[in-house]
Every structure is written in C-alpha cells, then in structure tokens.
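A look at the structure
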Amino acid sequence: MAARQQQRDSATRQRVIDAAITCISEEGFYRASTNAIAERAGLSWGVIQYHFGSRELLMLAVLEEGTRRLVEDLSMADIAGETLTIRIQSYGDILMRYYADPQYLAFLQVLLNLRHDPRTSARTLETMTKITATVEAQLDRLTKKLFEDVAVRRQALRGL
C-alpha cells in the first residue's frame, strides 16, 4: 500500500512540474503563478504546497528537472570524429538538442530569476550551485573528448 501511495505522490509531483514548465513556457516566469500552475495541473494549491512547500521549491524542482534532462543527454552523448572540426560539430549538435527544446527557455527563466531574486533562500542557491557542478562535470567530460589528440595548450581556448 505504501509503495502505491509513493507512486501516486511521484506521479502528482511530476504532473505539477510538467504543468509549471508548460505554464512558464507559455506565460513567462512571473505570470506562471501558483494558481495558474495548480489550475493547469488540475490540482489545488494545497496539494502543490503539500508536495513542494513553496513556489520557490517548486521552481527549484523545475530547474532540477531541466538539469536532469540535460545531464541524461550529456551522459549518453559521445564526441566522435577524425578531425577537430567534425568533433566540434558533434559537440554543437549534442548541446543543440537540449537548447533547441522550447522547454529550455522555461528552465533558463527559472535559473535566472531564482539566481537574481534577493529573496531566494541560501539553501536553494546552494542546491543550484550543486546542480551547476553536475552539468559542468558532464561538459568537462565531453570537452576532453573534443580536444583528444589535439595540442591545445591554453586553458582559455579549451574553455571557449
């Protein structure tokens, strides 16, 4: 019985996150109010509050979902090609699959608004820093593959 309740809770959480992503994508970060998200999810704000506690934590969950998708894509990606030009194209294609997704703009809006809002809690900012480190680790792995067997001595050029 507990497992079934956990599945329902997980499905409800995902439904709210998906509704928030859609709402942010269509209406923008600030117009994606908790009431608009609740309505889109077909739930009450009380149910959302039960699962997330606050709008900030719901937005953090949205950001975590976007990060999860990106890390999943990056972890499965591989840089291939005989020349640096081909590998750069491969790298660009990998990133474009994610950044071309219209939902990426929702994730970016959440990231920018939470990062620059002075009311964002220290705990949320700390979680965002950890999220960034997770993505950077995957990007570093791909960057190493990109410059494999190429004599690039300057770290600034590698970072480019």
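Higher on the page you've got the structure.
Presented here is an overview of the structure given in this document. Since this is a predicted model, take the numbers as computed values, not measurements.

What about the overall build of the chain?
Each helix and strand counted, the chain has eight helices and zero strands in total. Shown N-terminal to C-terminal, the secondary structure of the chain runs as helices and strands in the order α-α-α-α-α-α-α-α. C-alpha atoms of the chain, sized along the principal axes, occupy 60 × 40 × 30 Å. Put simply, 64% of the contacts in the chain that link residues at least 6 apart link residues at least 24 apart. When the accessible surface of the chain is split by element, carbon and sulfur atoms take 54% of a total near 10000 Å². Both charge centroids of the chain, one from 21 positive and one from 20 negative side chains, sit 3 Å from each other.

Comments concerning the side chain of Ser90
When you line up the elements, Ser90 lands in helix α5 (residues 84-99). In contact with Ser90, not counting residues within four places along its chain, are Asp78, Ile79 and Ala80.

With respect to the packing of helix α1 (residues 2-27) against helix α2 (residues 34-41)
Look at α1 against α2: their axes get within 8 Å of each other, and the N-to-C directions meet at 120 degrees. Considered as vectors, α1 and α2 are oriented oblique to each other. Between α1 and α2 lies a crossing whose hand is right-handed. Contacts from Arg15, Val16, Ala19, Ala20, Thr22, Cys23, Glu26 and Glu27 of α1 reach α2 at Ala36, Ile37, Arg40 and Ala41.

Regarding the nonpolar core
The biggest cluster of nonpolar side chains holds 42 residues, and the ones touching the most others in it are Ile37, Leu58, Met59, Val62, Leu74 and Val110. In terms of residues, this core owes the most to one element, helix α4 (residues 55-76), which gives nine residues. Ignoring sequence-local partners within four residues, the contact set of Met59 consists of Ala20, Ile24, Phe29, Ile37, Val110 and Leu114.

A short note on the packing of aromatic side chains
Counting across every chain of the model gives five aromatic pairs. With a centroid separation of 5.0 Å and 90 degrees between ring planes, the pair formed by Phe29 and Tyr30 is classed as edge-to-face. When its relative accessible area of 6% is taken as the criterion, Phe29 is described as buried. Residue class for Tyr30 comes out exposed when judged on its relative accessible area of 60%. Through successive ring pairs, a cluster of aromatic residues spans Tyr98, Tyr99, Tyr104 and Phe107. In this structure, Arg55 is placed above the aromatic ring of Phe29, and the distance from its NZ or CZ to the ring centre is 4.6 Å.

Conventions used here
Residues numbered from 1 in each chain as written. Predicted model: local features only at pLDDT ≥ 70, side-chain atom pairs only at ≥ 80, totals over all residues. Heavy atoms only, no water. Helix = DSSP H or I, 4+ residues; strand = E, 2+ residues; numbered from the N terminus. Contact = heavy atoms within 4.5 Å. Areas by Shrake-Rupley, 256 points an atom, 1.4 Å probe, with all protein chains shown as cover. Lys, Arg positive; Asp, Glu negative; His and termini not counted. Charge placed at Lys NZ, Arg CZ, Asp CG, Glu CD. Axes fitted to C-alpha atoms, helices over the stretch in contact; angles between N-to-C directions. Parallel < 35°, antiparallel > 145°, perpendicular 65-115°, else oblique. Left-handed = near helix turned anticlockwise from the far one by under 90°. Core = buried A, V, L, I, M, F, W, Y, C linked by side-chain atoms within 4.5 Å. Buried < 20%, exposed > 50% of the residue type's maximum accessible area, 1.4 Å probe, protein only. Phe/Tyr/Trp six-rings, centres within 6.5 Å; stacked < 30°, edge-to-face > 60°. Lys NZ or Arg CZ within 6 Å of the ring centre and 35° of its normal.

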